[in-house]
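Letter by letter, the chains look like this.
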There are 2 protein chains.
Amino acid sequence: MTRYIPNFTAFGALASQDCASCPIRHRAVCAKCDGAEMDHLADMKSYRSWEAGETIALEGDVLPFVGSVVQGCATLTRSLEDGRVQMVGLLMPSDFVGRPGRTVAPYEVTAVTDLTLCMFDRERFETLLNEAPHLASRLVEMSLDELDAARDWMLLLGRKTARERVATLLALVLRRAPTDANPLRADLPLGREAMASYLGLTIETVSRQITALRRDGVIRLDGGGRTVLCDDFAALLTAAGDDEDGIMPS
Amino acid sequence: MTRYIPNFTAFGALASQDCASCPIRHRAVCAKCDGAEMDHLADMKSYRSWEAGETIALEGDVLPFVGSVVQGCATLTRSLEDGRVQMVGLLMPSDFVGRPGRTVAPYEVTAVTDLTLCMFDRERFETLLNEAPHLASRLVEMSLDELDAARDWMLLLGRKTARERVATLLALVLRRAPTDANPLRADLPLGREAMASYLGLTIETVSRQITALRRDGVIRLDGGGRTVLCDDFAALLTAAGDDEDGIMPS
DNA sequence: CGTCTGCTTGAGACATTTCAATACGCGTGG
DNA sequence: CCACGCGTATTGAAATGTCTCAAGCAGACG
């Protein structure tokens, strides 16, 4: 079964979108590209959408494309044979998907929310990569940012307590909150299962720690546990273990 | 204190080495560079050595260079304020050190063995990166490999048992063993403390698991616990949790 | 109104850590 | 050559944090 051919669901305004008005134009892999490079990219691009929960690729699948997340949120997970699963990547808009130079996906890619990708044929993209320095150097930048994020994540997985892990994740989500006003408020894009997978914990432990943080007055919940409120962000950062900023360079 | 200026210890034959005879020429960041690009790189390169145990940079230090590991082995570590430490990178010959586009080191860099780096001035390297596509695309390749390795590492930290972690690390070391013959034999480049830091465990747990693997006949030790022997590599991989290859793409 | 899915809570089991003591390898100096 | 001391590794016993298994709860939806 050709796993990588999803349903072509509506991607609304994005279908006819040209790069000039693209919401991720200035942050994605194409950010530093000039006119000629953009023309090449625009020529080979295509959009596709997936619904929340859909699998985009399984471990070992052939991925004929690379691309950028335009809208929505996807996860990368790696798993052991007995079923243990660890999330190893969380892709947000402008993040890059896929691997120039490798045809097979080393981890499962799943849409957590409804998702739209701007896709490029992998081989053509690789060719361009060897000729377009701005593209390549932007991809270097983005890969190294990802690497930094992965390394912070490793610190969390290797050394933080359950409470610190949960607080770290909540702080990460609240950082991206649309409003800066007090109290900070954000909808959780991840359910408990995905949070547990992210944090290297079980669902139950995540739930208990959220309860504990609430009991301690560090956060409040709303919307049936799907929205987090925080009156004292400093207290949350303290609970996260690493005071001061620097939880995840974006 | 300008931390990044180390002692200029002897680097022997390397001092006068030209790139053509460099031991990492075909695997390092310069692997795909052509004549003109090599000339630029050779022009800005310089060698430096550190002794085992020396600190190359602390978290937050300004790193004015990037470079490649020529000889030896270095670690990247990140730590929490209360002293907990997690290794987040293990650099072997040909691996790239530093971050084009960022001046400050986000983690501590330490020489585990005697170490020689081939260094490039960061700013000049960045400029070249925007003009030399072969350099940039090789760096993309290497960064993405590192990212894959970091993600396998995250699976280990998030989901593997202590026994699996130790077995995974031993398998990783034995894979690089000079001899392919049975029994596999390798000297551990890392002491127990560094192993514990790598694995997200305590020294005691590492020690106990090594003892357990020995008791179970999966490995043998020699040279005062500094050399590992393995008669049955398949058994070691089973103990590592992920059968079949694929522990760390190199 | 019942069922489903996702979240919470509880009690006991278990793995790893912590703290403490002991052993080993090895260079140094008597 | 042995005694000493130091850093590193091993082992033990108790403490603790997280997981496992099991039950209960809330909201969404047919």
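Some words on the sheet that holds strand β8 (residues 115-121) of chain B
Residues and elements named next belong to chain B.
Here comes step 1: Pairing is antiparallel across the open sheet formed by 4 strands, whose spatial order is β1-β8-β3-β6. Both edges of this open sheet fall to β1 (45-50) and β6 (96-97), since each of them pairs with a single strand only.
Here comes step 2: Relative to β6, strand β3 (residues 65-71) runs antiparallel, the two sharing 2 bridges. Considered in β6, the bridge of Gly 67 is made with Val 97.
Here comes step 3: Contacts from helix α1 (residues 35-44) reach β1 and β8, with the element oriented near 50 degrees to β1.

Focus: the packing of helix α5 (residues 192-199) of chain B against helix α6 (residues 203-215) of chain B
All names here are of chain B.
Here comes step 1: Two numbers describe how α5 lies on α6: the axes approach to 8 Å, and their chain directions differ by 100 degrees. Here α5 is positioned roughly perpendicular relative to α6, judged by the angle of their axes. The residues of α6 that touch α5, namely those facing Arg 192, Glu 193, Met 195, Ala 196 and Leu 199, are Ile 203, Val 206 and Ile 210.
Here comes step 2: Here the residues of the contact of α5 with α6 sort into 6 nonpolar, no polar and 2 charged.

Looking at the side chain of Asp 145 of chain B
Here comes step 1: Considering the arrangement of structural elements, one finds Asp 145 of chain B in helix α3 (residues 133-159).
Here comes step 2: Among the polar contacts listed, one links the side chain of Asp 145 of chain B to the side chain of Arg 102 of chain A, at a separation of 3.4 Å.

So, helix α2 (residues 122-129) of chain B
Here comes step 1: Taken as a whole, α2 of chain B has its buried residues at Arg 122, Phe 125, Leu 128 and Leu 129 of chain B. Down the axis of α2 of chain B, the sector holding all buried residues measures 125 degrees, keeping them to one side.
Here comes step 2: Each element contacted by the buried residues of α2 of chain B is listed here: α3 (133-159) of chain A together with α1, β3, β6, β8 and α3 of chain B.

Overview of unusual backbone geometry
Residue and element names in this part refer to chain A.
Here comes step 1: The backbone phi angle of Ser 94 is positive, close to 90 degrees, even though this residue is not glycine.
Here comes step 2: Following the sequence through the fold, Ser 94 ends up in the loop between β5 (85-91) and β6 (96-97).
Here comes step 3: For Ser 94, a relative accessible area of 9% corresponds to the buried category.

So, the sheet that holds strand β5 (residues 85-91) of chain B
Here comes step 1: Across the sheet, 4 strands lie side by side as β2-β7-β4-β5 (chain B); this open sheet has antiparallel pairing. Edge positions in the open sheet fall to β2 (55-57) and β5 of chain B, since each of these has one partner strand only. Averaged over all pairs of adjacent strands, the angle between strand axes in this sheet comes to 30 degrees, irrespective of strand direction.
Here comes step 2: As paired elements, strand β4 (residues 74-79) of chain B and strand β7 (residues 108-111) of chain B share 4 bridges and run antiparallel to each other. Note on β7 of chain B: the bridge partner recorded for Ala 74 of chain B is Ala 111 of chain B.
Here comes step 3: Contacting β4 and β5 of chain B, α3 of chain A runs over the sheet at an angle of about 135 degrees to β5 of chain B.
Here comes step 4: Along the sheet face, α5 of chain B touches β4 and β5 of chain B and points at about 100 degrees away from the line of β5 of chain B.

A few points about the protein's contact with DNA strand C
Here comes step 1: In the region of DNA strand C, 16 residues are neighbours, and Arg 192, Arg 208 and Thr 211 of chain A together with Ala 162 and Thr 205 of chain B sit closest.
Here comes step 2: The sugar-phosphate backbone supplies 60% of the atoms of DNA strand C found within 4 Å of the protein.
Here comes step 3: Between a phosphate oxygen of DNA strand C and a side-chain N or O atom of Arg 192 of chain A, the distance comes to 2.6 Å.
Here comes step 4: Interatomic distance of 2.8 Å between a side-chain N/O atom of Arg 208 of chain B and a base oxygen of DNA strand C.
Here comes step 5: Listed by contribution, the elements that provide at least two residues to the surface near DNA strand C are α6 (203-215) of chain A together with α6 of chain B.
Here comes step 6: If you tally residues by element for the surface near DNA strand C, the top one is α6 of chain A, at 5 residues.
Here comes step 7: Tallied by class, residues from the surface near DNA strand C come to 3 nonpolar, 7 polar and 6 charged.

Focus: the relation of the copies chain B and chain A
Here comes step 1: Superposing chain B onto chain A takes a rotation of 180 degrees plus a shift of 0.0 Å along the axis, which leaves an RMSD of 0.1 Å. A rotation of that kind, with that shift, is consistent with a two-fold axis.
Here comes step 2: Interface overlap between copies: 100% of the residues of chain B at the interface are likewise at the interface in chain A, consistent with a symmetric, same-surface contact.

Overview of the interface of chain B and chain A
Here comes step 1: With 53 residues of chain B at the contact, the number on the chain A side is 53 residues.
Here comes step 2: Among the residues of chain B in contact with chain A, Arg 151, Met 154 and Arg 159 of chain B are the three that bury the most area, contributing 18% of the side total.
Here comes step 3: Remark: the boundary between chain B and chain A carries 14 salt bridges.
Here comes step 4: In this structure, the salt-bridge partner of Asp 145 of chain B is Arg 102 of chain A, at a minimum N-O distance of 3.4 Å.
Here comes step 5: At the junction of chain B and chain A, the tally comes to 30 residue pairs in polar contact (both at pLDDT 80 or more).
Here comes step 6: With 22 residues, the top contributor of residues to the side of chain B that touches chain A is α3 of chain B.

Conventions and cut-offs
Residues numbered from 1 in each chain as written. Chains lettered and ligands numbered in written order. Predicted model: local features only at pLDDT ≥ 70, side-chain atom pairs only at ≥ 80, totals over all residues. Heavy atoms only, no water. Pairing = 2+ DSSP bridges. Helix = DSSP H or I, 4+ residues; strand = E, 2+ residues; numbered from the N terminus. Contact = heavy atoms within 4.5 Å. Axes fitted to C-alpha atoms, helices over the stretch in contact; angles between N-to-C directions. Parallel < 35°, antiparallel > 145°, perpendicular 65-115°, else oblique. Nonpolar A, V, L, I, M, F, W, Y, C, P; charged D, E, K, R; others polar. Polar contact = N/O pair within 3.5 Å; in protein donor to acceptor, adjacent residues only side chain to side chain. Buried < 20%, exposed > 50% of the residue type's maximum accessible area, 1.4 Å probe, protein only. Arc of directions from axis to C-beta. Near = heavy atom within 4 Å. Least-squares fit on C-alpha atoms with pLDDT ≥ 70 in both. Buried area = accessible area lost by both parts, 1.4 Å probe. Salt bridge = Lys/Arg side-chain N within 4 Å of Asp/Glu carboxyl O.

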